[in-house]
Amino acid sequence: MATPIIAGVAVAAAALAGKYGIEAWQAYKARPRVPRMRKFYEGGFQAVMTRREAALILGVRESAAQEKVKEAHRRVMVANHPDAGGSDYLASKINEAKDLLLGQTRGSGSAF
């Protein structure tokens, strides 16, 4: 006599657990996707590049050592080089950022 009652309670518990499991999965899928870390600069460029913008483009601090700036420039340039399908405009901005952070000036800035 107790066996059908136990079986019924077990089925009800499984159904309830399944319902809450499905609701939790749907809530997990509906949550907004937030990137944990940005690797590169996102956004438009300013008319005259600042040290802050240059640091954001290369992914270093404004006060980074020359070796860090050169290493970051090399890494970003490999990903955006015009010979590898990258943009001439982005390459010029990356070079301008490196020049600004290293204290080198070439003319009036970007060719674009």
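What counts as what
Residues numbered from 1 in each chain as written. Predicted model: local features only at pLDDT ≥ 70, side-chain atom pairs only at ≥ 80, totals over all residues. Heavy atoms only, no water. UniProt positions renumbered as here; feature names shortened; annotations may be inferred. Buried < 20%, exposed > 50% of the residue type's maximum accessible area, 1.4 Å probe, protein only. Helix = DSSP H or I, 4+ residues; strand = E, 2+ residues; numbered from the N terminus. Contact = heavy atoms within 4.5 Å. Salt bridge = Lys/Arg side-chain N within 4 Å of Asp/Glu carboxyl O.

- Naming follows an unreviewed UniProt entry, where the protein chain appears as J domain-containing protein of Adiantum capillus-veneris.
- Its UniProt record, at the heading Sequence similarities (unreviewed entry), says of the protein chain: "Belongs to the TIM14 family."
- What the UniProt record of the protein chain gives under Subcellular location (unreviewed entry) is the line "Mitochondrion inner membrane".

1. Regarding helix H2 (residues 51–58)
- Those residues of H2 that fall on the buried side of the exposure criterion are Glu53, Ala54, Ala55, Ile57 and Leu58.
- Looking at the buried side of H2, the elements it contacts are helix H3 (66–80) and helix H4 (88–102).
- Just beyond H2, the residue with positive phi is Gly59, at close to 75 degrees.

2. Some points on the pattern of salt bridges
- Tallied over the entire structure, the rule returns one salt bridge.
- A salt bridge links Lys93 to Glu96, with the nearest nitrogen and oxygen atoms 3.6 Å apart. A residue pair is termed a helical-turn pair when its members lie 3 or 4 positions apart in one helix, as Lys93 and Glu96 do in helix H4 at three residues.

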